[in-house]
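# Remarks on the overall topology
Here is how the chains run, residue by residue.
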Amino acid sequence: MLNLILGITEIDSGKLIFNGKDLTDVPMEKRGFNIVFQDYALFPNLNTYENIVYGLKNNPDRSTKEEVGEMIRLLNLEEHLDKKIEQLSGGQKQRVALARTMIMKPKVLLMDEPLSALDGVIKESIKERIKMIAREFHLTTIIVTHDPEEALTLSDRVLIINNGKISQFARPEEIIHHPDNPGIYFKPA
Amino acid sequence: MKKEALLPKLKRMIRSHIELKLIFFAVLTLFLFFLAAPIAMLLLKSFQSSGGAFWTHYIEVFTRSGFWSAVGNSFLAAGGSALITTVLAFLLAYTIHYTNLPHGFLKIIRTGAVLPMLLPTITYGFALIYTFGKQGLLTRILGHQLFPIYGLPGLLIGYVIYTLPVAFLLIHNTMGYIDKKFMVVSALMGDKKSETFFITILRPLTGTLAASFIQSFFLAFTDFGIPASVGGQYEVLASLLYDEMLGSIPDFNKGAVIAMVMLVPSVLSILLLHYLERYNVRYNKISAVENEKNRIRDVFCGIFCGILLVVMLLIFAVIFLVPFVQEWPYQLTFTTEHVREVFQDRVLADVFKNSLLVAFLTACKTRFSSHF
């Protein structure tokens, strides 16, 4: 589904409408969405700082120097700027990927299983950062996950897709108290 | 309880280490006997002389007319073909990984590209002659000869066919480990198509492309089957070596010198390959990302690969056609006479059996050695 929204996969039927505009036939680069991948996809030959500002080389006015600095501070990446990607931990890489995407000021932020490669304290801390970023920038964020706990604790609204069909779309509280399909949530992990 | 369990564990550890050590020594001995010793003897032979200084043979060979031009020719032919092979192999691998052509077609490319591996290199020479030569199949079809096949052109084509499968396998394999998600990231960050291509495909493959070039280079450089058949007057080191060692008057000492000279680029190649290890693509979780839709790219790649494969298959088709012809090119009637003769020839049957046996044993030994 992320592929469809992003534009990697072509839409067979139906339409993609964002803010009243029909984006079904608009190519991926022009939709204004951006994505943070599950395995971060950071360029291994560049260091942290170069990765973060990668988008600015083609769109130099997208973010000002102050905004870049602000993002780096927000995600606590100041000390890691000179490091090579392979020297970073999973949580650090996640933050760099997030920073890189945020610098591009996407209209919608997509995240593909952002927490699945992390656990414990780092996981919780990244969760908080995602929530903070989304709120701070009033950014619509769509997160794909297999973990029901993640979905229910992180989101304002949860969309459940079962067997390729939409099963339910509601606030977390409603889903917990009035699940349309109880079997889905309480399957063993 | 703990102390009692420790002793047998320790014994097991030492035993397994001994096994490892034994295997290591076995493999080492194998290499010593069958690789190091012959090379050492070769080195000795190149210096050995009766009544002259130890460098006599080297001087003889180096001052012999045509030696250095042969060296230059070798480098030119091997280098040129390595370059062509790497480019072609890259295009073939790229078509398989990065286009949306039908899967059946891609499968044919994959099989066709490694087909030449099935035959000895001297066969390519003959196949070339029978296809492109003055009385060749293509020449007869077209009415005139496309290009002179003896000398550099024939060598280049022969070497390319010989090294293409190896280069292709190398590049095709590594390409499979490139994470296509980088292309999505690059496109979303506003990169032009050429920038995306460079940073997500070429750059990660730099080490592999270099390795492919080096590998193809020293395969071509040390081959003698192709120069023997289509080399013509274009002398290369391999043909010189053949002349010295197996010519009418064998001179093992001079032959040893030539062999040493040939060894130098090979050793350098291996060292370079070793150095290039650091540029290898790091293994990432392979995710299935669709290729971007691009009709023009697909058509261009499809046509190119199609032509390449047809040319290669054509060259081999001759090998299957000619045995059934009475006497090429004079009597072009169909016959099974030659086929029958070969199968009835006892000597040939024995030789065939020997080849099978040797190949089988070599494969076993190699499998055994590489396992450890």
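Within any chain, residue numbers begin from 1 and follow the written order of that chain's sequence. All chains are assigned letters beginning with A, and all ligands numbers beginning with 1, in the order in which they are written. Per-residue local features of the predicted model are confined to residues with pLDDT of at least 70, and side-chain atom pairs are confined, for both listing and counting, to 80 or more; whole-chain, interface and lining totals are unaffected and use all residues. Side-chain calculation: all heavy atoms of the structure are included, whereas hydrogens and water are not.

### Concerning the overall build of chain B
- From N to C terminus, chain B includes 15 helices and two strands.
- Its C-alpha atoms put chain B at 80 × 65 × 50 Å along the principal axes.
- Partly exposed residues are those whose accessible area sits between 20% and 50% of the maximum for their type, while under 20% is buried and over 50% is exposed, using a 1.4 Å probe and protein chains only. Within the span of chain B, comprising 372 residues, buried residues form 39% of the whole.
- Counting only contacts in chain B whose residues sit at least 6 apart along the sequence, the fraction spanning at least 24 positions is 74%.
- Note on areas: these come from Shrake-Rupley sampling with a 1.4 Å probe, and a residue is covered only by the protein chains present in the view. Split by element, the accessible area of chain B, about 22400 Å² in all, is 71% carbon and sulfur.
- Neither His nor the chain ends contribute to the count of charged residues, in which Lys and Arg are positive and Asp and Glu negative. Just so you know, the charge point we use is NZ for Lys, CZ for Arg, CG for Asp and CD for Glu. Within chain B, the 20 negative side-chain charges are centred at a point lying 13 Å from the centre of the 30 positive side-chain charges. Runs of H or I in DSSP of at least four residues are treated as helices and runs of E of at least two as strands, each being numbered from the N terminus. Contact definition: two residues touch when any of their heavy atoms are within 4.5 Å.

### Observations concerning unusual backbone geometry
Residues and elements named next belong to chain A.
- In this structure, Asn76 takes a positive phi of about 55° despite not being glycine.
- Its place among the elements puts Asn76 in the loop between helix H3 (65-74) and helix H4 (90-103).
- When its relative accessible area of 37% is taken as the criterion, Asn76 is described as partly exposed.
- The backbone of Glu113 sits at a positive phi, close to 45°, despite the residue not being glycine.
- Assignment of secondary structure puts Glu113 in the loop between strand S4 (108-112) and helix H5 (120-136).

### Quick look at the interface of chain B and chain A
- Each side of the interface is counted separately: chain B has 19 residues, and chain A has 25 residues.
- Here the quantity called buried area is the accessible surface, traced with a 1.4 Å probe, that two parts lose on coming together, added over both. It is B:Phe182, B:Leu188 and B:Met189 in chain B that bury the most area against chain A; as a group they hold 34% of the surface buried on that side.
- When a carboxyl oxygen of Asp or Glu is within 4 Å of a side-chain nitrogen of Lys or Arg, the pair counts as a salt bridge. At the surface where chain B touches chain A, the tally comes to three salt bridges.
- Put simply, B:Asp191 and A:Lys57 hold a salt bridge, and the shortest N to O gap is 2.8 Å.
- Whenever a nitrogen or oxygen atom comes within 3.5 Å of another N or O atom, the pair is scored as a polar contact, on the condition that within protein one atom can donate a hydrogen and the other can accept it, and that pairs from neighbouring residues in sequence are kept only if both atoms are in side chains. For the pair chain B and chain A, the number of links is six residue pairs in polar contact (both at pLDDT 80 or more).
- Top element by residues in the side of chain B that touches chain A is helix H8 (residues 181-188) of chain B. It accounts for seven residues.
- In the scheme used here, Gly and all other residues not listed as nonpolar or charged are polar, with Ala, Val, Leu, Ile, Met, Phe, Trp, Tyr, Cys and Pro taken as nonpolar and Asp, Glu, Lys and Arg as charged. For the side of chain B that touches chain A, a count of residues per class yields eight nonpolar, two polar and nine charged.

### A look at the side chain of A:Arg95
All names here are of chain A.
- Tracing the chain through its elements places Arg95 in helix H4.
- There is no salt bridge for the buried Arg95, and the closest opposite charge comes from Glu79, which lies 7.2 Å off by N-O distance.
- Engagement of the side chain of Arg95 in a polar contact is seen with the backbone oxygen of Asn76, the distance being 3.1 Å.
- Apart from the residues lying within four places of it in its own chain, the contact partners of Arg95 are Leu75, Asn76, Leu77, Ile126 and Arg129.

### Focus on the pairing of strand S5 (residues 140-144) of chain A
- Here a strand pair is declared whenever DSSP counts at least two bridges between the two strands. Strand direction decides the pairing type here: S4(A) and S5(A), joined by five bridges, are parallel. When the sheet's bridge partners are listed, A:Leu109 is paired in S5(A) with A:Thr141.

### Some remarks on the packing of helix H3 (residues 67-98) of chain B against helix H7 (residues 152-175) of chain B
Residue and element names in this part refer to chain B.
- Orientation is described by lines fitted to C-alpha atoms, with helices fitted over the stretch in contact, and by angles between N-to-C directions that extend from 0 to 180 degrees. Interaxial distance between H3 and H7 falls to 6 Å at its minimum, and their mutual angle equals 40°. Taken together, H3 and H7 sit at an angle that is classed as oblique. By crossing handedness, the relation of H3 to H7 is classed as right-handed. When describing relative orientation, an angle under 35 degrees is termed roughly parallel and one over 145 degrees roughly antiparallel, while 65 to 115 degrees is termed roughly perpendicular and anything else oblique. Note: crossing handedness is left-handed where the near helix turns anticlockwise from the far helix by less than a right angle, and right-handed where it turns clockwise.

### As for the sheet that holds S5(A)
Residues and elements named next belong to chain A.
- Taken together, three strands build an open sheet; the order of strands is S3-S4-S5 and the sheet is parallel. At either margin of the open sheet sits one strand with a lone partner, and together these are strand S3 (33-36) and S5. Averaged over all neighbouring strand pairs, the angle between strand axes comes to 20°, with direction disregarded.
- Sheet strands in contact with H4 are S3 and S4, and its direction is about 175° off that of S3.

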